Amino acid sequence: MVRPLPAKLVAIGLVAGVLSALFGVGGGIAIVPLLLLVCAFAPREAAATSLGAVAITALGGVVLYALRGDVRVGHAALVGLPAMAGALAGTGLQQRISGTTLTFAFAAMLSGIAVWLIIG
Amino acid sequence: MSNGTIALGLSLGLVAGVLSGLFGVGGGILFVPVLVALGLGQVEASATSLLAIVPTAGVGIWRQARYGNLRVRPSLILGIASLAGVAAGVKIATSLPEHTLRRLFGVLLLGVAAQLALRAARSRHKVEPA
């Protein structure tokens, strides 16, 4: 396990934050590849560590939006509760596939999002 | 909200959660369009999506910590730096043409995806790291 430089992590976090504010595309889409390419994280570690960061960013955003009265709790539950079950399945599935397969699948998802950004 | 849209919200929520757990992303990319389809405005949808992300990521974090994949200190540094980035991003967003930025970011992501695929292809010849 390589210990990443805090300066690198700060830079990645800043980039992810700026991108998510600009495009509404969550920070994880930037954090995961940067942890893989810049910090030499293993694929499963990159995904897990990204989730930790995403939770902090989302929590900060929710507090700001909630103060303005923009958060709809019922709607959040409607999509969030099934998503919790999905996350349980997704993390479980992740442990059973190889890091290489995971990286390929992530690259495929990224390409899909890229096309959506370019066309949309 | 009709039964159909509720069913759509529930099933796409589930898919977003699977993607979140599998790839380490929040799932907002699916949450936001679903919430807009359910009748929320763009800002409300973004705000509500963030609330849905918190417990979704929470479940993922809990499981990943048990599997031994979570690195707590890097997570905290990334998350806190990201909050600062969001504040800066909001200011940039209001001063630049969004359409051009989206396309540039899309092209950048394609490049990153190609880079990742190339690495994964090369690492097939080496021993799988954990």
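Residues numbered from 1 in each chain as written. Chains lettered and ligands numbered in written order. Predicted model: local features only at pLDDT ≥ 70, side-chain atom pairs only at ≥ 80, totals over all residues.

Caption draft 1: Spotlight on the overall build of chain A. Secondary structure assignment for chain A yields five helices and zero strands. Along the chain direction, N to C, the helices and strands of chain A fall in the order α-α-α-α-α. With the C-alpha coordinates of chain A rotated into their principal frame, the extents come out at 40 × 35 × 35 Å. For chain A, the residues scored as buried account for 58% of the 120 residues in total. By sequence separation, contacts in chain A at least 24 residues apart represent 50% of the contacts at least 6 residues apart. (Helix = DSSP H or I, 4+ residues; strand = E, 2+ residues; numbered from the N terminus. Buried ≥ 20, exposed ≤ 12 C-beta atoms within 10 Å, placed from the backbone. Contact = placed C-beta atoms within 7 Å.)

Caption draft 2: Expanded view of the overall build of chain B. Helix and strand counts for chain B stand at five helices and zero strands. Helices and strands in chain B line up, N terminus first, as α-α-α-α-α. Relative to the 2.2 N^0.38 estimate, which gives 14 Å for 130 residues, the radius of gyration of chain B is 18 Å and therefore markedly larger than a compact globule would have. Overall size of chain B, expressed as C-alpha extent along the three principal axes, is 50 × 35 × 30 Å. (Rg over C-alpha atoms; globule rule 2.2 N^0.38 Å.)

Caption draft 3: Representation of the interface of chain B and chain A. Taken together, the contact between chain B and chain A spans 87 residues of the former and 84 residues of the latter. A total of 20 residues in the side of chain B that touches chain A trace back to one element, the largest contributor, which is helix α3 (residues 42-67) of chain B. Within the side of chain B that touches chain A, the residues separate by chemical class into 55 nonpolar, 24 polar and eight charged. (Nonpolar A, V, L, I, M, F, W, Y, C, P; charged D, E, K, R; others polar.)

Caption draft 4: Representation of the packing of helix α1 (residues 3-23) of chain B against α3(B) within the structure. Residues and elements named next belong to chain B. Contact geometry for α1 and α3: axes closest at 10 Å, N-to-C directions at 40 degrees. Judged by the angle between their axes, α1 and α3 are oblique. Every pair of crossing elements has a handedness; the one defined by α1 and α3 is right-handed. Here α1 contributes G17, S20 and G21 to the contact with α3, which in turn contributes T56, A57 and G60. Grouping the constituent residues of the contact of α1 with α3 by class yields one nonpolar, five polar and no charged. (Axes fitted to C-alpha atoms, helices over the stretch in contact; angles between N-to-C directions. Parallel < 35°, antiparallel > 145°, perpendicular 65-115°, else oblique. Left-handed = near helix turned anticlockwise from the far one by under 90°.)

Caption draft 5: A look at the nonpolar core. Among the nonpolar cores identified, the biggest contains 79 residues, and I31(A), V32(A), L35(A), V79(A) and L110(A) are the most heavily contacted of them. Residue contacts for L110(A): discarding those within four places in its chain leaves I29(A), P33(A), L109(B), V112(B) and A113(B). (Core = buried A, V, L, I, M, F, W, Y, C linked by C-beta atoms within 7 Å.)

Caption draft 6: Inspection of helix α2 (residues 28-37) of chain B at higher detail. α2(B) sits mainly inside the fold: seven of its ten residues count as buried. Within α2(B), the full set of buried residues consists of G28(B), I29(B), L30(B), F31(B), V32(B), V34(B) and L35(B). Where the residues of α2(B) are buried, they touch α4 (73-96) and α5 (99-119) of chain A together with α1 and α3 of chain B.

Caption draft 7: Representation of the confidence of the model for chain A. On average, residues of chain A score 91 in pLDDT, and 98% of them are at 70 or above. Of all secondary-structure elements in chain A, the lowest mean pLDDT belongs to helix α1 (residues 6-23) of chain A, at 89, while α4(A) reaches the highest, 97. (pLDDT = per-residue confidence, 0-100.)

Caption draft 8: Fine view of unusual backbone geometry. Residue and element names in this part refer to chain A. Phi is positive for A40, close to 55 degrees, though the residue is something other than glycine. Structurally, the position occupied by A40 is in the loop between α2 (28-37) and α3 (43-68). Assessed through the 13 C-beta atoms surrounding it within 10 Å, A40 is described here as partly exposed.

Caption draft 9: Layout of the packing of α2(A) against α5(A). Residues and elements named next belong to chain A. α5 packs onto α2 with a crossing angle of 140 degrees between their chain directions and a minimal axis gap of 12 Å. With respect to α5, the element α2 is oriented oblique. Both α2 and α5 take part in a crossing whose hand is left-handed. In this structure, α2 contributes I29, V32, P33 and L36 to the contact, and α5 contributes T103, F106, L110 and I113. Here the residues of the contact of α2 with α5 are counted per class, giving seven nonpolar, one polar and no charged.

Caption draft 10: α1(A), seen in detail. Here α1(A) is 18 residues long and its end C-alpha atoms lie 26 Å apart, about the 26 Å a rise of 1.5 Å per residue gives. For α1(A), the full list of buried residues reads L9(A), I12(A), G13(A), A16(A), G17(A), V18(A), L19(A), S20(A), A21(A), L22(A) and F23(A). (Expected span 1.5 Å × (residues − 1).)

Caption draft 11: The confidence of the model for chain B, seen in detail. When pLDDT is averaged along chain B, the result is 88; 93% of the residues meet or exceed 70. Here the predicted complex scores 0.89 on pTM and 0.91 on ipTM.

Caption draft 12: Just the environment of L110(A), in detail. Residue and element names in this part refer to chain A. Position of L110 among the secondary structure elements: in helix α5. Look at L110 and you get buried, because 24 C-beta atoms sit within 10 Å. Each C-alpha atom of the pair L110 and L51 lies 16 Å from the other, and the pair is 59 residues apart in sequence.

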